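# Chains, contacts and geometry: an overview
In case you want the letters, here they are:
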Protein chains: 2
Amino acid sequence: MQKLTASLIIKNASQLVTMHDPKKIGPKTGREMNDLNIFKNGAVAVNGGRIVAVGETKDVMKKVELAKRVRLVDAGGKVVTPGLIDPHTHPVFAGQRSAEFEMRIAGKSYMEIAKAGGGINSTVESVRKANRKTLKENGRKILDRMLSFGTTTVEAKSGYGLTTKDEIKQLQAIKELNEEHKIDLVPTFLGAHEIPPEYKKNPDEYVSLICAEMIPKVVAKNLAVFCDVFCEKGVFTPRQTRIILQTAQAFGLKLKLHADEFHNTGGAELAAEFGAVSADHLISVGDEGIHLMHKEGVIPVLLPGTTFFLGLNMDAPARKMIEKGLPVALATDLNPGSSMTESMQMIMTLACLKYKMTPAEVLTASTINAAFAVSGGDKIGSLAPGKQADLVIWDAEDYREIPYHFGGNLVESVYKKGQKVR
Amino acid sequence: MQKLTASLIIKNASQLVTMHDPKKIGPKTGREMNDLNIFKNGAVAVNGGRIVAVGETKDVMKKVELAKRVRLVDAGGKVVTPGLIDPHTHPVFAGQRSAEFEMRIAGKSYMEIAKAGGGINSTVESVRKANRKTLKENGRKILDRMLSFGTTTVEAKSGYGLTTKDEIKQLQAIKELNEEHKIDLVPTFLGAHEIPPEYKKNPDEYVSLICAEMIPKVVAKNLAVFCDVFCEKGVFTPRQTRIILQTAQAFGLKLKLHADEFHNTGGAELAAEFGAVSADHLISVGDEGIHLMHKEGVIPVLLPGTTFFLGLNMDAPARKMIEKGLPVALATDLNPGSSMTESMQMIMTLACLKYKMTPAEVLTASTINAAFAVSGGDKIGSLAPGKQADLVIWDAEDYREIPYHFGGNLVESVYKKGQKVR
């Protein structure tokens, strides 16, 4: 047997959580989500940024030949998992909205907050005024924090520009950050995040602008992989959403949808009809929506940080989705208005406490299932030969400590493409 | 005017939050909690571990003379506050209880968890088996994390030994950690944390052991400042609590009380009767208890992390206490069973969201009021001439960002007695 060369070996992990089921390609659905495929006293061998072997330390050591300049890392007493993946974020913006947070706590209404200069339009205003460099610097700080909390791949949306120029400015900042930062970004065009103030009286005109000008330009400049729409009462109607999704699909973009967040507007059904990769939020999704998502393979991306931060007692029916066989994924929804957190660890704790997901399920939802939610499941999200060596060593002996130990950061170190980056 | 010598000056802070009302000594009560005494473009000058001047940067610079080896720190665009104080924690233990966290999420009852080897007794068993060195190493790791999250003084309870020998072992570990670690610890004897298994049939005998043996020995060895009792249905009755408090007081210990957590058993009233420094938890406190605490100057220490972590929809009546003029303080309640967090930042966010406390109130509750809850208000908890130079520089322009930006760590650096320790 020819031996595999290894330039990095992380060994003796108390638990090497691979998330990899050798019998199956695809996200983990239903009960599989609770199965993490763990090697005790495990090792992962890496060469050239890719994984070459995983298993028990003694087996991996037999299989590999050490490269001349090999790096051996002892993970004794520690858990090793795939790098976390955050499949729904809005990380490139300007300004902060802590004054709005304070007003909301004091019981001020959405309208009062908007009148006082808060709400999404305040961020739109700041982003329109900011130049690309500022947006990049702000985004870089957020990505640095994400990486320090164990996240190695992030979906990143535009949606605070809401003019062709400003949406492209945001997407270009995302593109450059993707080139410069250790974290990999998956860019999503979200021109349909809100009706901008100047189109409030004629939202269909804004939909036309998105379809006739923004999508073609974004695609021509190769600035997005996904197109997303905020389908919700008072934002984009199902009819308008359909028009945008059709156009985006025709232009070759993959689809995501902000679906059934506060009201069941048929968002999940639309996502299924269009074969969207994911439908996100889903607090108010109905049984029919769940059924159709299951049938069409749409991944539900749940965002428990948002209702937590907004102080709402509304939770997505996560257990029902898992029982119906859906591959639930989790994300931070990082944004300045409704979920100001970079930490997927925080989101895992919230999903355990609010959604009654198990520690195993939340880890699945933050790795392999999140990978498929950004169409990256072939490359990231699990530890298996051939996959990218994105992984986290945790200051914990048991993976269950990750959501249990809350509000902090249990990351010991982070590897991206085989390189130690934290 | 003779100038004051300064060996450290932190200047140009966007907000220097002093928490100091020059007209008043004591914790901030009621509406005062919302007033942080902020200097814009502020500076704090330090010499020999103590603060010598605070104010606007230009005024402070006029007042002081630079020492030969002065350290000048530019806090431009940043908030500076007193170091955070955590006035209720159980930081010295062995083992972790993430399996119990998982069982609770799955809906297992308290009894089922206890049968499966969970619950407080599992920690008692681990602590009894552990030697002092192990307890210290475990505690040190927790203190390191607390410091990294901006906490500079911590109240630390025993209560997992429940034999004279093991309680003293825990308190000695706390004493040595206090000597070795940058964080200052305020030790509390909590032999009355739980009825140990071997006394379940005769709890009064355990109360006698506490009073006749533990308290005298703890006091003789000078191992505690406070004595605390868990007064609750199924734990220590008001009658037993009274006996313990009387004894502790006679031996010169100050008092704290786990009061009215799940049931109103008259804990707050007892705390008031005995002139306890604080009554903690208080989820189920009644109007009479609040009235008497106010009358006797008992500080309510609220622990929102605990109900959050236990998944309970029970919240202490924080707003009512503030409106009645009480000086609310906050703490992590760090412990392996019901609140596994080191972060006072997390607790501040939870207090905003669950208790509807304002960002200013939660910061007051985590600094000056927490200082008085550990009888340290003359020395720590605010930034004023003569006080210890314990402070945090935050990666934020506005103090409201501290609870707003959740699940992470906005600390840029931490100073303890004028020394940079993070």
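Everything quoted here is computed from the prediction, not taken from an experiment.

A tally of regular secondary structure across chain A gives 16 helices and 16 strands. Its C-alpha atoms give chain A a radius of gyration of 21 Å, within 12% of the compact-globule value 22 Å for 422 residues. Oriented by its inertia axes, the alpha-carbon framework of chain A measures out at about 70 × 45 × 45 Å. Burial statistics for chain A: of 422 residues in total, 64% are counted as buried. Considering only residue pairs separated by 6 or more positions, chain A has 73% of its internal contacts joining residues 24 or more positions apart. Carbon together with sulfur atoms contributes 50% to the accessible area of chain A, which is approximately 15,300 Å² in total. When the 54 positive and 48 negative side-chain charges of chain A are each reduced to one mean point, those points stand 5 Å apart.

Time to look at helix H7 (residues 203–220) of chain B. Residue and element names in this part refer to chain B. A rise of 1.5 Å per residue sets the reference length of H7, with its 18 residues, at 26 Å; its end C-alpha atoms lie 25 Å apart and thus fit the reference within 8%. Approximately 35 degrees is the largest bend angle found in H7, and it occurs at Ile-210. All buried positions along H7 are accounted for by Tyr-206, Val-207, Leu-209, Ile-210, Cys-211, Met-214, Ile-215 and Val-218. The elements touched by buried residues of H7 are helix H6 (164–180), strand S8 (184–192) and helix H8 (238–250).

With that out of the way, let us pick up the interface of chain A and chain B. In this assembly, 40 residues from chain A lie in contact with 40 residues from chain B. With both sides pooled, the region where chain A packs onto chain B buries about 3,700 Å², and carbon together with sulfur makes up 64% of that total. The three residues of chain A that bury the most area against chain B are Ile-105, Tyr-404 and Phe-406 of chain A, which together make up 22% of that side's buried surface. Between the two partners, chain A and chain B, sit six salt bridges. The salt bridge partner of Arg-400 of chain B is Glu-102 of chain A, with a shortest N-O separation of 2.7 Å. Taken together, chain A and chain B are joined by 18 residue pairs in polar contact (both at pLDDT 80 or more).

Reading predicted coordinates in detail is not appropriate for stretches of low pLDDT. Put simply, chain A has an average pLDDT of 97, and 100% of its residues get 70 or more. Prediction confidence for the complex, expressed as pTM and ipTM, is 0.98 and 0.97 respectively.

Here we come to the domain arrangement of chain A. All names here are of chain A. Taken domain by domain, chain A consists of domain 1 (4–83 + 382–420) and domain 2 (84–373). In this complex, domain 1 contributes 34 residues to the contact, which on the side of domain 2 involves 34 residues. For the pairing of domain 1 and domain 2, the buried interface totals around 2,600 Å² over both sides, and the portion due to carbon and sulfur atoms is 66%. A per-residue breakdown of the area domain 1 buries against domain 2 is headed by Met-33, Pro-403 and Lys-416, which together make up 24% of the total. Counting across the interface, domain 1 meets domain 2 through two salt bridges. Summed over the shared surface of domain 1 and domain 2, the number is 14 residue pairs in polar contact (both at pLDDT 80 or more). Contributions of two or more residues to the side of domain 1 that touches domain 2 are made by strand S5 (79–82), strand S14 (391–394), helix H16 (401–404) and strand S15 (411–416). The element best represented in the side of domain 1 that touches domain 2 is S15, accounting for four residues.

Attention now goes to the relation of the copies chain A and chain B. Structural alignment of chain A on chain B gives an RMSD of 0.0 Å, achieved by rotating through 180 degrees and translating 0.0 Å along the axis. Accordingly, the operation relating the two chain copies is best matched by a two-fold axis. Within chain A, Gly-407 of chain A has its C-alpha nearest the rotation axis, a separation of 2.4 Å. Looking at the interface residues of chain A, 100% of them are also at the interface in chain B, so both copies use one shared face.

A few words on unusual backbone geometry. Most peptide bonds are trans, and most residues other than glycine sit at a negative phi. Even without being glycine, His-281 of chain A reaches a positive phi, approximately 85 degrees. Taking the relative accessible area as the measure of exposure, His-281 of chain A reaches 4% and is therefore buried. With a phi angle near 60 degrees, Asn-222 of chain B is a residue other than glycine that sits in the positive phi range. Of the residues examined, Asn-222 of chain B reaches a relative accessible area of 62% and is grouped as exposed.

Moving on, we come to the sheet that holds S8 of chain B. All names here are of chain B. With parallel pairing, eight strands are arranged side by side in an open sheet as S6-S7-S8-S9-S10-S11-S12-S13. The sheet terminates laterally at strand S6 (84–86) and strand S13 (329–330), the two strands that pair on one side only. Where strand S12 (residues 299–302) lies against S13, two bridges are found, and the strand directions are parallel. Its bridge partner being in S13, Leu-302 is matched across the sheet by Leu-330. Along the sheet face, helix H5 (residues 132–148) touches S6, strand S7 (151–157) and S8 and points at about 145 degrees away from the line of S7.

Let us now look at the sheet that holds strand S10 (residues 254–259) of chain A. Residues and elements named next belong to chain A. The eight strands are arranged S6-S7-S8-S9-S10-S11-S12-S13 in an open sheet whose pairing can be described as parallel. Where the open sheet ends on each side, the last strands, each with one partner, are strand S6 (84–86) and strand S13 (329–330). Sheet analysis places S10 next to strand S11 (residues 278–281), joined by four bridges and oriented parallel. Note on S11: the bridge partner recorded for His-258 is Asp-280. Along the sheet face, helix H8 (residues 238–250) touches strand S8 (184–192), strand S9 (226–230) and S10 and points at about 160 degrees away from the line of S10.

What counts, and where the lines are drawn
- Residues numbered from 1 in each chain as written.
- Chains lettered and ligands numbered in written order.
- Predicted model: local features only at pLDDT ≥ 70, side-chain atom pairs only at ≥ 80, totals over all residues.
- Heavy atoms only, no water.
- Helix = DSSP H or I, 4+ residues; strand = E, 2+ residues; numbered from the N terminus.
- Rg over C-alpha atoms; globule rule 2.2 N^0.38 Å.
- Buried < 20%, exposed > 50% of the residue type's maximum accessible area, 1.4 Å probe, protein only.
- Contact = heavy atoms within 4.5 Å.
- Areas by Shrake-Rupley, 256 points an atom, 1.4 Å probe, with all protein chains shown as cover.
- Lys, Arg positive; Asp, Glu negative; His and termini not counted.
- Charge placed at Lys NZ, Arg CZ, Asp CG, Glu CD.
- Expected span 1.5 Å × (residues − 1).
- Bend = angle between axes of the 7 residues up to and from the residue.
- Buried area = accessible area lost by both parts, 1.4 Å probe.
- Salt bridge = Lys/Arg side-chain N within 4 Å of Asp/Glu carboxyl O.
- Polar contact = N/O pair within 3.5 Å; in protein donor to acceptor, adjacent residues only side chain to side chain.
- pLDDT = per-residue confidence, 0-100.
- Domains from an automatic or database assignment.
- Least-squares fit on C-alpha atoms with pLDDT ≥ 70 in both.
- Pairing = 2+ DSSP bridges.
- Axes fitted to C-alpha atoms, helices over the stretch in contact; angles between N-to-C directions.

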